[in-house]
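A structural walkthrough
Read off the chains here:
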Amino acid sequence: MKKIGLALSTGGARGLSHIGVINVLKKNNIPIDYIAGTSMGAIVAAYYALNLEVKSLGKKIVSMSKRDFIKLIDLNNPKKSIIKGIKIRNFLKTVFKDYTFKDTKIPLQVTSTSLNDGKLVVFKSGKIIDAVIASATYPGVFPPVKFKGRYLVDGGLIEPTPISLLQNMGAEKSIGVDLWVRKLTKHDNTNIIFVIQRTLEIMLTGLSRHEEKTYGKDVLILRPNIGSKINTFSFHKSKNYISKGQKETEENIKKIKRFVK
């Protein structure tokens, strides 16, 4: 078999679909030699790279109630951001502890975006927790992360599905999980949270469509049917998102097996 890379996209709570995708790939002995992720995809990718499974992550998240997720919200000065993000970082610290990229069992790379110069920042060394927090810093909702003199936010602003990282890592064939290519529905909500989500949704959907045109025959894209509603922070619906990723992968498993040969 060729060396296979897996790229997991941004998508907020919808990014939990990645767990379902990986579970089915593992069940069918599809190799994952390299993995890359951005935003929620970075969290799932990092967990897999450290543990070579994500079932335990799925169980942990599914067991949490809506109230449990609400407890992770620490409101900030609105001039800085909506949420401080300290409680979420502490929660993720229980998951990633002090692990570094040297502790991963397969090569991992994580992306973020520099507000200073608008360039893509790729994490491939250092602490995992620093990388995933920077990658998942949703602009406006969380304050930018200061890291080595730069202010970082969500990596999906430049490349929603980080296929290019896999190719640079050495993957001969790449599987991407894209949660953004779909028809945008009409909305007239002007709530600040909605406006932030909607703005990024429009931008990321356009970026994903543009990226798709650049993919060659060595790239296979999976698109879980996650619907058209903006549910970026609906982590209490984790079971549904995981099942969507599982279903998409199961429906395409024959195609995937042919692709990786």
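Structure's up top.
In short, a report on the structure. (Residues numbered from 1 in each chain as written. Predicted model: local features only at pLDDT ≥ 70, side-chain atom pairs only at ≥ 80, totals over all residues. Heavy atoms only, no water.)

Looking only at helix α5 (residues 86–96), the buried set comprises L92, V95 and F96. Along the axis of α5, the buried residues cluster in a sector spanning 75°; they form a single face. Against α2 (40–51), α3 (55–62) and α6 (128–135) lie the buried residues of α5. Looking at the residues trailing α5, positive phi occurs at K97, about 50°. (Buried < 20%, exposed > 50% of the residue type's maximum accessible area, 1.4 Å probe, protein only. Helix = DSSP H or I, 4+ residues; strand = E, 2+ residues; numbered from the N terminus. Arc of directions from axis to C-beta. Contact = heavy atoms within 4.5 Å.)

Taken together, the side chains of I70, I73 and L75 make up a nonpolar region of the molecular surface, amounting to roughly 310 Å² of accessible area. Residue placement: I70 occurs in helix α4 (residues 66–70). (Patch = residues over 30% accessible without salt bridge, like charges linked within 9 Å, V, L, I, M, F, W, Y side chains within 5 Å. Areas by Shrake-Rupley, 256 points an atom, 1.4 Å probe, with all protein chains shown as cover. Salt bridge = Lys/Arg side-chain N within 4 Å of Asp/Glu carboxyl O.)

A separate point is the packing of α2 against α5. Between α2 and α5, the least distance of the axes is 11 Å, while the angle of their chain directions is 20°. Considering the angle they form, α2 stands roughly parallel to α5. Listed contacts from α5 to I43, A46, Y47 and L50 of α2 are L92, V95 and F96. Broken down by class, the residue content of the contact of α2 with α5 amounts to seven nonpolar, no polar and no charged. (Axes fitted to C-alpha atoms, helices over the stretch in contact; angles between N-to-C directions. Parallel < 35°, antiparallel > 145°, perpendicular 65-115°, else oblique. Nonpolar A, V, L, I, M, F, W, Y, C, P; charged D, E, K, R; others polar.)

With 14 residues, helix α9 (residues 238–251) ought to run about 20 Å at 1.5 Å a step, and its terminal C-alpha atoms sit 20 Å apart, in line with that. Turning to α9, its buried residues number three or more, namely S238, Y241, I242, G245, E248 and T249. Viewed end-on, α9 has its buried residues packed into an arc of 125°, placing them on one side of the element. Facing away from the buried side of α9 by over 90 degrees, the exposed positions are K239 and E251. (Expected span 1.5 Å × (residues − 1).)

Moving on to a positive patch on the surface. A contiguous patch of positive charge, built from K254, K255, K257, R258 and K261, is present on the exposed surface. With respect to the secondary-structure elements, K261 resides in the segment after α10 (253–260). (Lys, Arg positive; Asp, Glu negative; His and termini not counted. Charge placed at Lys NZ, Arg CZ, Asp CG, Glu CD.)

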